[in-house]
Amino acid sequence: DAKTTQPPSMDCAEGRAANLPCNHSTISGNEYVYWYRQIHSQGPQYIIHGLKNNETNEMASLIITEDRKSSTLILPHATLRDTAVYYCIVRVALGFGSGAGSYQLTFGKGTKLSVIP
Amino acid sequence: AAGVIQSPRHLIKEKRETATLKCYPIPRHDTVYWYQQGPGQDPQFLISFYEKMQSDKGSIPDRFSAQQFSDYHSELNMSSLELGDSALYFCASSLQGSGANVLTFGAGSRLTVL
């Protein structure tokens, strides 16, 4: 799976949009971009994923560049409860792996987002 | 909606003892994953099971073993515990035929080895 690079930490004012970048310059055509977050000592929480197109759900928006080498997770109105470590993970899409079950997620260092009152 | 259930939530053991963690996946999910997260570390993949067969293996120590049962729940067995095994252990589940195969994580089991 392609490796990702994220800034180690970011601050965001409460109520403002949080824009978290991720570089995945070696991504392959059959790999998805996933975003998870982990609030202190809780289980990682799925946020959003995308392949080529921009995606939006009730939690966030995911903007993927046309060349797919980078992406940005956008939390439109950050709250104090959004303070967490955010992980950008690239993983092969179903059907392209080495076999059934080869779809575990590899967590990198992530970005520690601090939402400031 | 039903989530991934892990038990126990907290466990305290002595060195050289044995511990067993249990994971109940989301109904209809066929794949279970185990992760270990040490203090200040990121989650590290240990092992996964698909349809009751081991499907992928990460940095799981030889002292650890796991299996997935006919009802799809999974157990992680840890023997000869060491101080360094103190960590959060997360279980996740997914449905293989679901396109992007999103993993859903449980709340974790905190193991403390004294």
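Each remark here, short or long, concerns the structure printed above.
> Can you lay out the packing of aromatic side chains for me, pointing to particular residues and giving the numbers?
Evaluation of the coordinates by the stated rule reveals ten aromatic pairs over all chains. Where A:Tyr36 meets B:Phe105, the ring centres are 5.9 Å apart and the plane angle is 85°; that geometry is what we call edge-to-face. Placement of A:Tyr36 in strand 3 (residues 31–38) and of B:Phe105 in strand 10 (residues 104–105) is noted, with the two residues assigned to different chains. With a relative accessible area of 0%, A:Tyr36 lands in the buried category. When the centroid spacing of 5.6 Å and the interplanar angle of 90° are considered together, the rings of A:Phe107 and B:Tyr35 count as edge-to-face. With A:Phe107 in the loop between strand 8 (84–92) and strand 9 (111–116) and B:Tyr35 in strand 4 (residues 31–37), the pair connects residues from two separate chains. Across the pair, B:Tyr35 and A:Phe107 agree in class, each one buried.

> If you had to explain unusual backbone geometry to someone new, which residues and values would you point to?
In this model, B:Ser7 is joined to B:Pro8 through a cis peptide bond whose omega is -10°. In this structure, B:Pro8 sits in the loop between strand 1 (5–7) and strand 2 (10–13). If you check the backbone angles, A:Ser41 has positive phi at about 65° while not being a glycine. Tracing the chain through its elements places A:Ser41 in the loop between strand 3 and strand 4 (45–50). A relative accessible area of 27% places A:Ser41 in the partly exposed class. In this structure, B:Ser80 is a non-glycine residue whose phi angle is positive, near 45°.

> Quick one: what's the story with the sheet that holds strand 1 (residues 9–13) of chain A, residue by residue and with numbers?
All names here are of chain A. Strands sit in the order 1-9-8-3-4 across an open sheet of five strands; the sheet is mixed. The open sheet terminates on both sides in strands that have one partner only, identified here as strand 1 and strand 4. Taking each pair of neighbouring strands and ignoring which way they run, the sheet shows an average axis angle of 25°. Pairing geometry for strand 3 and strand 8, over eight bridges, is antiparallel. Bridge pairing in strand 8 links Tyr34 to Ile89.

Scoring rules and cut-offs
- Every chain's residues receive numbers from 1 upward, in the order its sequence appears when written.
- All chains are assigned letters beginning at A, and all ligands numbers beginning at 1, according to the order in which they are written.
- Restriction of local features to residues with pLDDT of at least 70 applies here, the model being predicted, together with a cutoff of 80 or more for giving and counting side-chain atom pairs; totals for whole chains, interfaces and linings are based on all residues.
- The side-chain values count all of the structure's non-hydrogen atoms but skip hydrogen atoms and water molecules.
- Classification of ring pairs uses Phe, Tyr and Trp, with its six-membered ring standing for Trp, and accepts pairs whose centres are within 6.5 Å; under 30 degrees between planes counts as stacked, over 60 as edge-to-face, and the remaining range as tilted.
- Secondary structure is summarised from DSSP: a helix means a run of H or I of at least four residues, a strand means a run of E of at least two, and numbering begins at the N terminus for each.
- Partly exposed describes any residue whose relative accessible area lies between the buried limit of under 20% and the exposed limit of over 50%, with all areas from a 1.4 Å probe on protein chains only and scaled to the type maximum.
- We call two strands paired when DSSP finds no fewer than two bridges between them.
- Every axis corresponds to a line fitted to the C-alpha atoms, with the helix fit spanning only the stretch in contact, and the corresponding angles, defined between N-to-C directions, vary from 0 to 180 degrees.

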